[in-house]
Amino acid sequence: MTKTIAMTSIMDDIYDVYRTFDELELITNAIERWDIDCIDQLPAYMKLFYEALLDVYKEMEEAMTKEGKLYRVQYAKEAMKQLSQAYFVEAKWYHENYFPTMEEYMKIALVTAGYIMITITSFVGMGEIVIKYIFDWPSNNPKIVKASSIVGRLMDDIVSHKFEQERGHVASAVECYMKQHRVSVEKACEELNKQVENAWKDINEELVIRPTAGVPIPVLTVILNLARVTDFLYKEGDGYTDVGKVTKTGITSLLIDPISI
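Notes on the structure in this doc start here.

About the criteria used
- Residues numbered from 1 in each chain as written.
- Predicted model: local features only at pLDDT ≥ 70, side-chain atom pairs only at ≥ 80, totals over all residues.
- Heavy atoms only, no water.
- Helix = DSSP H or I, 4+ residues; strand = E, 2+ residues; numbered from the N terminus.
- Rg over C-alpha atoms; globule rule 2.2 N^0.38 Å.
- Buried < 20%, exposed > 50% of the residue type's maximum accessible area, 1.4 Å probe, protein only.
- Contact = heavy atoms within 4.5 Å.
- 1 Å grid on protein atoms, 1.4 Å probe; cavity = no way out; pocket = protein on both sides within 12 Å on 5 of 7 lines; lining within 4 Å.
- Points joined across faces, edges and corners; volume = space filled by probe spheres on them.
- Nonpolar A, V, L, I, M, F, W, Y, C, P; charged D, E, K, R; others polar.
- Salt bridge = Lys/Arg side-chain N within 4 Å of Asp/Glu carboxyl O.
- Phe/Tyr/Trp six-rings, centres within 6.5 Å; stacked < 30°, edge-to-face > 60°.
- Axes fitted to C-alpha atoms, helices over the stretch in contact; angles between N-to-C directions.
- Parallel < 35°, antiparallel > 145°, perpendicular 65-115°, else oblique.
- Left-handed = near helix turned anticlockwise from the far one by under 90°.
- Patch = residues over 30% accessible without salt bridge, like charges linked within 9 Å, V, L, I, M, F, W, Y side chains within 5 Å.
- Areas by Shrake-Rupley, 256 points an atom, 1.4 Å probe, with all protein chains shown as cover.
- Expected span 1.5 Å × (residues − 1).
- Polar contact = N/O pair within 3.5 Å; in protein donor to acceptor, adjacent residues only side chain to side chain.

### A few points about the overall build of the protein chain
Right, so step 1: On a plain count of helices and strands, the protein chain comes out with twelve helices and zero strands.
Right, so step 2: The order of helices and strands in the protein chain, counted from the N terminus, is α-α-α-α-α-α-α-α-α-α-α-α.
Right, so step 3: Against the globule reference of 18 Å for 261 residues, the protein chain gives a C-alpha radius of gyration of 19 Å, in line with a compact fold.
Right, so step 4: Taking the principal axes of the C-alpha coordinates as reference, the protein chain spans close to 55 × 55 × 40 Å.
Right, so step 5: Every one of the 261 residues in the protein chain was classed for burial, and the buried ones make up 49%.
Right, so step 6: Relative to all contacts within the protein chain whose residues are 6 or more apart in sequence, the contacts with residues 24 or more apart total 64%.

Structure follows, in structure tokens:
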């Protein structure tokens, strides 16, 4: 899981910063084909990334083959392909100076938030509680998965949009909302924060009030915890891109410092 998230961060940077549009077409096609023979078509820096990406999933395949659960890795691959294709749509918008509507943006941005991919990948190593239906379920964008994606996407956009626009990036939810509703940046952020609050209500409803039929609570808890990570990282700024004292202290207190009894 850690390796997958690391590769996703590199891929995000390739699509956002270290690329030409022609190169992005090559890497997107290569990821869609998922074939090491595609590597010869890529520029040098993309070759390193592409080989490492395929190696991560090869490791998954080897582990799941031993458990008789190889089919799970195919779902993870397809989720990564979907993420790559969504990144490419955003890059195409930027390349063509296209300003999407809020609705157009969110349809793609809920994928580029990465939560569908991370959710499906997190199921790969879970035990017998996860059956084939569980892997199909997130792809239908159920309420709790969509809500978690909204939390991640909008919290990220609110705290990082200024920096992203300065370095050159497709319009974020903030810019899309401002343009579509003709409001100030402050008003746009206020409204988007309300959408984050509503998304948390949806998550709580799906977990506490009306748990999704056929989906075990441990599976729903994984999705909840991913949203909690987002809340932690983006509540006080962009704690993922700019790892400062708050992020370091939080991680250290959770994973390293002993708890006094």
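### Here we look at empty space enclosed by the protein
Right, so step 1: For the coordinates displayed, the defined rule picks out one cavity of 30 Å³ or more.
Right, so step 2: Surrounding the largest cavity, ten residues form its lining, Tyr15, Asp16, Glu90, Ala91 and Val170 being those nearest its centre.
Right, so step 3: Within the lining of the largest cavity, the residues separate by chemical class into five nonpolar, two polar and three charged.

### Examining the pattern of salt bridges
Right, so step 1: This model, assessed by the stated rule, comprises 14 salt bridges.
Right, so step 2: Close ionic contact of Glu191 with Lys187 constitutes a salt bridge, the shortest N to O distance being 3.2 Å. On the criterion of helical spacing, the pair formed by Glu191 and Lys187 is a turn pair, its members being four residues apart in helix α10 (residues 185-209).

### Examining the packing of aromatic side chains
Right, so step 1: All told, the structure shown has eight aromatic pairs when counted by the stated rule.
Right, so step 2: Measuring from ring centre to ring centre gives 5.5 Å for Tyr15 and Tyr87, while their planes differ by 35 degrees; the resulting arrangement is tilted. Separated by 72 residues along the polypeptide, Tyr15 in helix α1 (residues 2-16) and Tyr87 in helix α4 (residues 71-95) bring together distant segments of the chain.
Right, so step 3: With a relative accessible area of 2%, Tyr15 lands in the buried category.
Right, so step 4: Aromatic ring contacts, followed pair by pair, group Tyr71, Tyr75, Phe123 and Phe135 into a single cluster.

### Quick look at the packing of helix α5 (residues 102-112) against helix α9 (residues 173-181)
Right, so step 1: Interhelical geometry of α5 versus α9 gives an angle of 165 degrees and a closest axis separation of 9 Å. In terms of axis orientation, α5 runs roughly antiparallel to α9. Seen from above, α5 lies across α9 with left-handed handedness. Contact residues: α5 offers Met102, Glu103 and Tyr105, while α9 offers Ala173, Cys176, Tyr177 and Gln180.
Right, so step 2: Partitioning the contact of α5 with α9 into residue classes produces five nonpolar, one polar and one charged.

### Brief notes about a nonpolar patch on the surface
Right, so step 1: A grouping of Leu254, Leu255 and Ile256 is seen on the molecular surface, where their side chains present a nonpolar patch of about 390 Å² in accessible area.
Right, so step 2: Structurally, Ile256 is set in the segment after α12 (245-255).

### Notes on unusual backbone geometry
Right, so step 1: The backbone of Trp34 shows a phi angle near 50 degrees, a positive value even though the residue is not glycine.
Right, so step 2: Looking at where Trp34 falls in the secondary structure, it is placed in the loop between α2 (21-33) and α3 (44-66).

### A look at the environment of Lys179
Right, so step 1: Summarising the element assignment, Lys179 is placed in helix α9.
Right, so step 2: Distance in space between the C-alpha atoms of Lys179 and Thr101 is 8.4 Å, their sequence separation being 78 residues.

### What to know about helix α11 (residues 217-234)
Right, so step 1: With 18 residues, α11 should cover 26 Å at 1.5 Å per step; its first-to-last C-alpha distance of 26 Å lies within 8% of that length.
Right, so step 2: Turning to α11, its buried residues are Val219, Leu220, Val222, Ile223, Leu224, Leu226, Ala227, Thr230, Asp231, Leu233 and Tyr234.

### Structural notes on α10
Right, so step 1: An ideal rise of 1.5 Å per residue puts 36 Å on 25 residues; α10 measures up with 35 Å between its terminal C-alpha atoms.
Right, so step 2: Looking only at α10, the buried set comprises Ala188, Cys189, Glu191, Leu192, Val196, Ala199, Trp200, Ile203, Glu205, Glu206 and Leu207.

### With respect to the side chain of Glu175
Right, so step 1: Counting through the fold element by element, Glu175 comes out in helix α9.
Right, so step 2: Among the polar contacts made by the side chain of Glu175, one reaches the side chain of Ser172 at a distance of 2.4 Å.

### With respect to the environment of Asp35
Right, so step 1: Looking at where Asp35 falls in the secondary structure, it is placed in the loop between α2 and α3.
Right, so step 2: With relative accessibility at 25%, the residue Asp35 sits in the partly exposed group.
Right, so step 3: Sequence-wise, Asp35 and Gly125 are 90 residues apart; in three dimensions their C-alpha atoms are separated by 24 Å.
Right, so step 4: Once residues within four sequence positions are removed from consideration, Asp35 is found in contact with Ala30, Tyr50 and Leu54.
Right, so step 5: A polar contact of 2.9 Å, which involves the side chain of Asp35, links it to the backbone nitrogen of Asp37.

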